[in-house]
Amino acid sequence: MSLFQILEDKAKQKRRRIGISILRWNEPIRASLEKAKAIADIIVYGDPQFGFDGVKNDNQEEVGRQMVRDFKAGKLDQFVRGQVDDFGTVDEYKKQFGVLPEMKRLGFGLMRDAHNHEFWMILVSNPEGQTLEDKIRYIDGATNWLTETFPEFKPKVAVMATCRPGSYGRDPVMSRSYDEAEAVVKHLTEKGIEAKNVHIEIENAVTWANIIMASNGTIGNQIFRAVMYLGGGKNLACPTVFPGYGQYEDDSRNEEDWYPHIVAAAAYVK
């Protein structure tokens, strides 16, 4: 079973009410949301068209905030950020759910590459994973959330570094990256999670791993964008998680296929 199939099977267990912000339409967007009607009842925030139920609002900042408030009020079972700004959505979520302002979120993506390999990509935002401490926080949070949300999921983690073993010692920054990858692998192995330092060889990692952890968020963001926008791949899910306070489905605002994100949001509902 593919990783996305796990989400899709869970999403189909019960019909859910899912919100999404759409401010700009085109035919691929309309078609993807029509397809998603088979999975969930869709509520469009911003510019509802084509027979979709929704909430009309031209104020982009308020669109996202209203969607979060409606989720908190129980009017939605889950939501997809869609085309509104990330900052306002996070800010309103923290306000509505009592998340401490300084608490850092977890965000990661389920990718499918051009060869149909599927994997959860960890560290996909530029500031993330720049220290060993943050890498441990992220991989612990991600593996905990994935196994709690999808009990059938068994993590196999490929941890990346910025150099091969043979280049170790030639550059202090690259060597530190390799040392940190080794430390993450040791940490996971001691917890009983299968893990391996694959250094720069992501092409080999995708053949066996279901989680790939970039060497830092800057590189992870570039891998994410290259797979999705240049390499013929897909972003199939993008949870934003506040451990202990819930989650919602995030995305890249330039996407046009919203079907997998609706599926993912529905799959997160307990």
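As the structure is a prediction and not an experimental result, all values here were calculated from the model.

Caption draft 1: A look at the layout of surface pockets. Computed from the structure, the largest pocket encloses a volume of approximately 740 Å³. Of all the secondary structure elements, the ones that give two or more residues to the lining of the largest pocket are helix H4 (86-97), strand E5 (106-112), helix H5 (132-149), helix H8 (217-230) and strand E11 (239-242). Take the lining of the largest pocket: its biggest share by element is 5 residues, from H8. In terms of residue class, the lining of the largest pocket is made up of 11 nonpolar, 10 polar and 12 charged. If you add up the space inside the second largest pocket, you get close to 270 Å³.

Caption draft 2: Focus on the pattern of salt bridges. In the structure shown here, the tally under the stated rule is 24 salt bridges. Across the pair arginine 164 and glutamate 201 runs a salt bridge, and its minimum N-O distance is 2.4 Å. Taken as a pair, arginine 164 in the loop between strand E7 (156-160) and helix H6 (172-190) and glutamate 201 in the loop between strand E8 (194-199) and helix H7 (202-205) lie far apart in primary sequence, 37 residues in all. Here aspartate 257 and lysine 234 are joined by a salt bridge, their closest N and O atoms 2.4 Å apart. Here aspartate 257, found in the loop between strand E12 (246-249) and helix H9 (259-268), pairs with lysine 234, found in strand E10 (residues 234-237); they are 23 residues apart in sequence, far enough to count as distant. Using a relative accessible area of 28% as the deciding quantity, one classes lysine 234 as partly exposed. A single salt-bridge network, built from bridges that share partners, covers Glu61, Glu62, Arg65, Arg69, Asp91, Glu92 and Lys95.

Caption draft 3: Broad picture of helix H2 (residues 27-36). For H2, the complete set of buried residues consists of Ile29, Ser32, Leu33 and Ala36. Seen from one end, H2 has its buried residues packed into an arc of 95°, which puts them on one side. Considering only its buried residues, H2 is in contact with strand E1 (16-22), strand E2 (40-46) and H9. Measuring from the side-chain oxygen of the N-cap residue of H2 to the backbone nitrogen of isoleucine 29 gives 2.9 Å; that N-cap residue is asparagine 26.

Caption draft 4: Representation of the packing of aromatic side chains within the structure. The final tally for this structure, using the stated rule, is 13 aromatic pairs. For the ring pair tryptophan 25 and phenylalanine 50, a centre distance of 5.1 Å and an interplane angle of 70° mean the geometry is edge-to-face. Here the residue tryptophan 25 occupies a position in the loop between E1 and H2, and phenylalanine 50 occupies one in the loop between E2 and strand E3 (53-56), the gap between them amounting to 25 residues. A relative accessible area of 17% means that tryptophan 25 is categorised as buried. Residues tyrosine 93 and phenylalanine 97 carry aromatic rings whose centres are separated by 4.4 Å and whose planes lie at 20° to one another, so their mutual orientation is stacked. With tyrosine 93 and phenylalanine 97 both in helix H4, this residue pair falls 4 residues apart, about one helical turn. Residue tyrosine 93 is classed as buried on the basis of its relative accessible area of 1%. One aromatic cluster in this structure is built from Phe71, Phe79, Tyr93, Phe97, Phe242 and Tyr248.

Caption draft 5: Focus on the nonpolar core. One finds Leu33 and Trp120 to be the most contacted residues of the largest nonpolar core, which totals 73 residues. Sorting elements by how many residues they give to this core places H9 first, with 8 residues. Other than its neighbours up to four places away in sequence, tryptophan 120 contacts Leu3, Leu7, Phe108, Gly109, Leu110, Leu146, Phe153, Asn210, Ile211, Ile212, Ala237 and Pro239. Listed in part, the 14 residues of the second largest apolar core include Phe71, Tyr93, Phe242 and Tyr248.

Caption draft 6: Region of interest: H4. Taking 1.5 Å of rise per residue, the 12 residues of H4 would be expected to cover 16 Å, and the 17 Å separating its terminal C-alpha atoms lies within 8% of that figure. Of the residues making up H4, those classed as buried are Gly88, Thr89, Val90, Glu92, Tyr93 and Lys94. The secondary structure elements touched by the buried residues of H4 are helix H3 (60-72), strand E4 (78-80), E11 and E12. Looking at the residues trailing H4, positive phi occurs at glycine 98, about 70°.

Caption draft 7: Molecular detail of the environment of valine 159. Residue placement: valine 159 occurs in strand E7. Sequence-distant contacts of valine 159, that is, excluding residues within four places in its chain, are made with Ala181, Val184, Val185, Lys196, Asn197, Val198, His199 and Met213.

Caption draft 8: Quick peek at the side chain of glutamine 83. Examined against the element boundaries, glutamine 83 turns out to sit in the loop between E4 and H4. Ignoring any residue separated from it by four or fewer positions in sequence, one finds glutamine 83 in contact with Ser21, Ile22, Leu23, Arg24, Ile29, Gln60, Arg253 and Trp258.

Caption draft 9: View of the pairing of E12. Inspection of the sheet shows E11 paired to E12 by 4 bridges, in the antiparallel sense. In the strand pairing of E12, valine 241 is matched with glutamine 247. Remark: 3 residues form the turn of the hairpin made by E11 and E12, two consecutive strands paired antiparallel; glycine 244 in that turn has positive phi of roughly 90°.

What counts as what
- Residues numbered from 1 in each chain as written.
- Predicted model: local features only at pLDDT ≥ 70, side-chain atom pairs only at ≥ 80, totals over all residues.
- Heavy atoms only, no water.
- 1 Å grid on protein atoms, 1.4 Å probe; cavity = no way out; pocket = protein on both sides within 12 Å on 5 of 7 lines; lining within 4 Å.
- Points joined across faces, edges and corners; volume = space filled by probe spheres on them.
- Helix = DSSP H or I, 4+ residues; strand = E, 2+ residues; numbered from the N terminus.
- Nonpolar A, V, L, I, M, F, W, Y, C, P; charged D, E, K, R; others polar.
- Salt bridge = Lys/Arg side-chain N within 4 Å of Asp/Glu carboxyl O.
- Buried < 20%, exposed > 50% of the residue type's maximum accessible area, 1.4 Å probe, protein only.
- Arc of directions from axis to C-beta.
- Contact = heavy atoms within 4.5 Å.
- Polar contact = N/O pair within 3.5 Å; in protein donor to acceptor, adjacent residues only side chain to side chain.
- Phe/Tyr/Trp six-rings, centres within 6.5 Å; stacked < 30°, edge-to-face > 60°.
- Core = buried A, V, L, I, M, F, W, Y, C linked by side-chain atoms within 4.5 Å.
- Expected span 1.5 Å × (residues − 1).
- Pairing = 2+ DSSP bridges.

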